[in-house]
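Here's the letter readout for the chains.
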2 protein chains.
Amino acid sequence: MTIQSKFSRLGTDNAPGQEVRQGQDGTAFLLGDNLQGRRVDFSHGDVDAHEPTPGSFEIFSAGVAVGGAQAYTEYRGDLGIREELAARLADFTGAPVDGRDGMIVTPGTQGALFLAVASTVARGDKVAIVQPDYFANRKLVEFFEGEMLPVQMAYREVGPGQAGLDLDGLEAAFRAGAKVFLFSNPNNPAGVVYSRDEIARIAALAAQYGATVIVDQLYSRLLYTSASYTHLRAMDLAPENVVTIMGPSKTESLSGYRLGVAFGSAEVIARMEKLQAIVSLRAAGYSQAVLRTWFNEPEGWMADRIAQHQAIRDDLLALFRSIDGCFARTPEAGSYLFPHLPALTIPYGEFVKALRLQADVIVTPGTEFSPHAGDSIRLNFSQDHAAAVEAVQRLAALVERYRA
Amino acid sequence: MTIQSKFSRLGTDNAPGQEVRQGQDGTAFLLGDNLQGRRVDFSHGDVDAHEPTPGSFEIFSAGVAVGGAQAYTEYRGDLGIREELAARLADFTGAPVDGRDGMIVTPGTQGALFLAVASTVARGDKVAIVQPDYFANRKLVEFFEGEMLPVQMAYREVGPGQAGLDLDGLEAAFRAGAKVFLFSNPNNPAGVVYSRDEIARIAALAAQYGATVIVDQLYSRLLYTSASYTHLRAMDLAPENVVTIMGPSKTESLSGYRLGVAFGSAEVIARMEKLQAIVSLRAAGYSQAVLRTWFNEPEGWMADRIAQHQAIRDDLLALFRSIDGCFARTPEAGSYLFPHLPALTIPYGEFVKALRLQADVIVTPGTEFSPHAGDSIRLNFSQDHAAAVEAVQRLAALVERYRA
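Residues numbered from 1 in each chain as written. Chains lettered and ligands numbered in written order. Predicted model: local features only at pLDDT ≥ 70, side-chain atom pairs only at ≥ 80, totals over all residues. Heavy atoms only, no water.

- An unreviewed UniProt entry annotates chain A as aspartate transaminase of Paracoccus halophilus.
- Within the UniProt record for chain A, the comment given under Catalytic activity (unreviewed entry) is "L-aspartate + 2-oxoglutarate = oxaloacetate + L-glutamate".
- Recorded in UniProt for chain A, the comment headed Cofactor (unreviewed entry) runs: "pyridoxal 5'-phosphate". (UniProt positions renumbered as here; feature names shortened; annotations may be inferred.)

Right, dumping it as structure tokens:
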């Protein structure tokens, strides 16, 4: 494979946040005038509307004051910070975490995902992934020349409290030789949480077939009323190799510091560190200090944050459901909405462009998450509440303008 | 290739800064008492002794205050910062830099190196690298399953002002099919600068054979009196694909922010950004703001920093040259010393361990940089001046203790 062909499928044109690199050409399909209103970029959360954890900047400053010891940590991150986090993550996930040998601090959860896939997937290895799921999962498997075995998640067909994963399909993937199962829970983009039964069955299947499980739990703290979350790593039947990935970049709005952690299998974590040594050396040393605020927020702060997001979620859901022919399942966690749009006179990809150019509303096309989700769009609703409502009102107006 | 075999050669046990993960076992070879003195870790610079650029923390703080726009930049970094840097780097290197399409901001220069190699080396591609050179170069080529064609640098045999690269060897590598040439200038670990003639010939050869050149210029600002530096990218005969890598983590002591840049070939940079999207998304957004201080330091600050390092260099050189049988070439740039030690009664690898356990002196074994440099050690002398002198005195005492 040439380097050109290796990169040809690694497109970022529609990746969240990259819209700025898109040109203005090919807009002959646009109808009508622009809709006025405050620009909302639903491709990622608005950390101005939902500010970073209180005290995070002060802890960063203290890290800078520490100097060299904070700037140059082990590649896997500062030991003191790892041990502090290990205790809190053990508490949160319900199973022991080994801060010394079973954890690595990375530049963002993206960094953790990259290292975890790179450390478990060799060329030609079969990897089960979910559709829809986080868009980078597919790209990571492709980059390392693994073979993807997609498993469908029928989240539209099942009731609340379950994701709708095709468990028979997952078993078929394992039987076909999948050595790794990579998925996000809560699911990005659909916002659904896997039920205890689903997680138990995933764990048992992975153990039975000797597969490694990489579970991206980025949004597992942002659970709405009545949602119940099961940590795969704490299941009795959990497979030997589980790597859990989390980070404070979303719920806690600490994205600007680029921090993530992976914890679990010491063998996989050791490989991840070897690789981090040539990928980026370490997460920014000073930034690592900010992890001291994580799972250590002021009393009531997380409950407030969740309540604010739940209120935005409910208003946007009502708006989407008032659009004739639009389906939107209620997210049980996280800050993503993944509505399906009704039939339009233009391709959905062009509608996404129309939204940006005519309504100053940026969303991510569903095809980034699944080839079967072309009629969906993803919105990160961690936004200013009023601005988000007005933006979805403009979106609804454009749906009517382009309705088939 | 299994994932285990892929990682088997990616050792970090002797990588700089990882000594903390080494055990205490296998120390029966140690002779005599420990030498007392302040611990010096020559595996990296001491940013407490040589502090970060004045104003860097304030610029970072201003970045945090900007909020979301600074936290979420394009994957290749904030456009305003890229354009500001492009002008300064064009000025510094003597050739135009395209901030919009020909530059990417990365998590450290390590991040830039990783992306540059990943974006130019496909499996089975031949890559010319220098021996000795930065230890990650070899590991990167191995990780991407390229084939290494080593070219020797006879820096011990040539006079000041040239690196001693075997240019006929380089041409032979290109003739044998090397598609990429990857090297550092100033050379890490030897501290030598390539002459204008050497750079001109490298550029001409790469152009003639259609090869891509990746040049790591991390230390190109820290030039000692009388050293003269040639930027490959500014040569008349430069090949089409040149990627230059720099960053403020060394001379400017900004390592704790993890910042690097790569600039040059728009085609390669575009691939690097596609990959960064799945490796780490972007350099930490807030950290990127710190680049505004780069090539923008207070008047006289860089000259002072260079003078301080030159004074340390000269004292340590004198100490090494007073050790019978020790060879140390004068570094013309950067903060690395790479002395060759005389014959010892114990393997050099054990001597490095003895230094750490008996003298609290940490150095990096020469084998990290070349299989032919087993009798060398690398010291980053960006340290507290007095502590560094005392540490090398202890090192000299241990050489006598273990002398063959």
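**Let's talk about the overall build of chain A**
For step 1, the next point in the chain: Counting its regular elements, chain A contains 13 helices and 12 strands.
For step 2, the next point in the chain: Dimensions of chain A, computed from the C-alpha atoms along their principal axes, are close to 60 × 50 × 50 Å.
For step 3, the next point in the chain: Here chain A holds 404 residues, and 64% of them are scored as buried.
For step 4, the next point in the chain: Across chain A, every contact between residues at least 6 apart in sequence was considered, and the portion connecting residues at least 24 apart equals 78%.
For step 5, the next point in the chain: For chain A, the centre of its 36 positive side-chain charges and the centre of its 47 negative side-chain charges are spaced 5 Å apart. (Helix = DSSP H or I, 4+ residues; strand = E, 2+ residues; numbered from the N terminus. Buried < 20%, exposed > 50% of the residue type's maximum accessible area, 1.4 Å probe, protein only. Contact = heavy atoms within 4.5 Å. Lys, Arg positive; Asp, Glu negative; His and termini not counted. Charge placed at Lys NZ, Arg CZ, Asp CG, Glu CD.)

**Quick look at the relation of the copies chain B and chain A**
For step 1, the next point in the chain: The two copies are related by a screw operation: chain B maps onto chain A through 180° of rotation and 0.0 Å of translation along the axis, at an RMSD of 0.0 Å. Considering both components of the superposition, the chain copies are consistent with a two-fold axis.
For step 2, the next point in the chain: Of the interface residues in chain B, 100% have counterparts in chain A that sit at the interface too, so the contact is made through matching surfaces. (Least-squares fit on C-alpha atoms with pLDDT ≥ 70 in both.)

**A word on the UniProt feature "domain: Aminotransferase class I/classII large" (unreviewed entry) in chain A**
For step 1, the next point in the chain: The feature "domain: Aminotransferase class I/classII large" (unreviewed entry), as given by UniProt, occupies residues 69-395 of chain A in the numbering adopted here.
For step 2, the next point in the chain: Spanning residues 69-395 of chain A, this segment combines 38% helix with 15% strand, and its end C-alpha atoms are found 50 Å apart.

**Considerations on the interface of chain B and chain A**
For step 1, the next point in the chain: Chain B puts 73 residues into the contact, and the matching count from chain A is 74 residues.
For step 2, the next point in the chain: If you sort the residues of chain B by the area they bury against chain A, Arg21, Tyr72 and Ile278 of chain B come out on top, with a joint share of 13%.
For step 3, the next point in the chain: At the junction of chain B and chain A, the tally comes to two salt bridges.
For step 4, the next point in the chain: The closest approach of N and O atoms between Arg123 of chain A and Glu145 of chain B, which form a salt bridge, is 2.3 Å. (Buried area = accessible area lost by both parts, 1.4 Å probe. Salt bridge = Lys/Arg side-chain N within 4 Å of Asp/Glu carboxyl O.)

**Looking at the environment of Val97 of chain A**
All names here are of chain A.
For step 1, the next point in the chain: Counting through the fold element by element, Val97 comes out in the loop between α4 (79-93) and β2 (103-106).
For step 2, the next point in the chain: Considered as a pair, Val97 and Ser253 are 156 residues apart in the sequence and their alpha carbons are 24 Å apart.
For step 3, the next point in the chain: Apart from the residues lying within four places of it in its own chain, the contact partners of Val97 are Ala86, Leu89, Ala90, Met103, Arg233 and Phe263.

**Re the sheet that holds strand β4 (residues 147-152) of chain A**
Residues and elements named next belong to chain A.
For step 1, the next point in the chain: Spatially, seven strands are ordered β2-β8-β7-β6-β5-β3-β4 in an open sheet, and the strand pairing comes out mixed. The open sheet has two free edges, formed respectively by β2 and β4, since each of these has just one partner strand. Looking at each pair of strands side by side, their axes are set apart by 20° on average, direction ignored.
For step 2, the next point in the chain: Of the strand pairs in this sheet, strand β5 (residues 178-184) and strand β6 (residues 212-216) are connected by five bridges, and their pairing is parallel. By the bridge assignment, Ser184 is partnered in β6 with Asp216.
For step 3, the next point in the chain: Where helix α6 (residues 135-143) meets the sheet, it contacts β3 (126-131), β4 and β5, and its direction lies at approximately 155° from that of β4. (Pairing = 2+ DSSP bridges. Axes fitted to C-alpha atoms, helices over the stretch in contact; angles between N-to-C directions.)

**Examining helix α9 (residues 266-279) of chain A**
Residues and elements named next belong to chain A.
For step 1, the next point in the chain: With 14 residues, α9 should cover 20 Å at 1.5 Å per step; its first-to-last C-alpha distance of 19 Å lies within 8% of that length.
For step 2, the next point in the chain: With respect to burial, α9 is a largely interior element, 10 of its 14 residues being buried.
For step 3, the next point in the chain: For α9, the full list of buried residues reads Val268, Ile269, Arg271, Met272, Glu273, Leu275, Gln276, Ala277, Ile278 and Val279. (Expected span 1.5 Å × (residues − 1).)

**Side note on the sheet that holds strand β11 (residues 364-365) of chain B**
For step 1, the next point in the chain: Here we have three strands laid out as an open sheet, ordered β9-β12-β11 (chain B), and antiparallel in their pairing. The open sheet terminates on both sides in strands that have one partner only, identified here as β9 (336-337) and β11 of chain B.

**Notes on the side chain of Asn380 of chain A**
Residue and element names in this part refer to chain A.
For step 1, the next point in the chain: Within the secondary structure, Asn380 is located in strand β12 (residues 377-380).
For step 2, the next point in the chain: Within polar-contact distance, the side chain of Asn380 engages the backbone nitrogen of Ser382 at 3.0 Å.
For step 3, the next point in the chain: Apart from the residues within four sequence positions on either side, Asn380 is in contact with Phe42, Ser43, His44, Gly45, Tyr219, Ser335 and Tyr336. (Polar contact = N/O pair within 3.5 Å; in protein donor to acceptor, adjacent residues only side chain to side chain.)

**Regarding the packing of aromatic side chains**
Residues and elements named next belong to chain A.
For step 1, the next point in the chain: Evaluation of the coordinates by the stated rule reveals 43 aromatic pairs over all chains.
For step 2, the next point in the chain: Ring geometry for Phe338 versus Phe369: centroids 5.7 Å apart, planes at 85°, classification edge-to-face. Taken together, the residues span a long stretch of sequence, with Phe338 in the loop between β9 (336-337) and α12 (348-359) and Phe369 in the loop between β11 (364-365) and β12 at a distance of 31 residues. Both residues of the pair, Phe338 and Phe369, count as buried. (Phe/Tyr/Trp six-rings, centres within 6.5 Å; stacked < 30°, edge-to-face > 60°.)

**Concerning the pattern of salt bridges**
Working definition: two side chains of opposite charge can pair if their charged atoms are close together.
For step 1, the next point in the chain: This model, assessed by the stated rule, comprises 38 salt bridges over all chains.
For step 2, the next point in the chain: Of the charged contacts in the structure, one is a salt bridge between Glu273 of chain A and Arg76 of chain A, with a shortest N-O distance of 3.0 Å. Of this pair, Glu273 of chain A sits in helix α9 while Arg76 of chain A sits in the loop between α3 (68-71) and α4, placing them 197 residues apart in sequence. Comparing Glu273 of chain A with Arg76 of chain A shows no difference in burial state: the two are buried.
For step 3, the next point in the chain: Between Asp384 of chain B and Arg38 of chain B there is a salt bridge; the shortest N-O distance is 3.6 Å. Of this pair, Asp384 of chain B sits in the loop between β12 (377-380) and α13 (385-402) while Arg38 of chain B sits in the loop between α1 (3-8) and β1 (40-41); the two residues are 346 residues apart in sequence, bridging distant segments of the chain.
For step 4, the next point in the chain: What makes Asp384 of chain B partly exposed here is its relative accessible area of 26%.
For step 5, the next point in the chain: Classification of Arg38 of chain B by relative accessible area gives partly exposed; the value is 47%.
For step 6, the next point in the chain: Three or more residues are tied together by salt bridges with common partners; here these are Asp78, Glu84, Arg88 and Arg292 of chain A.

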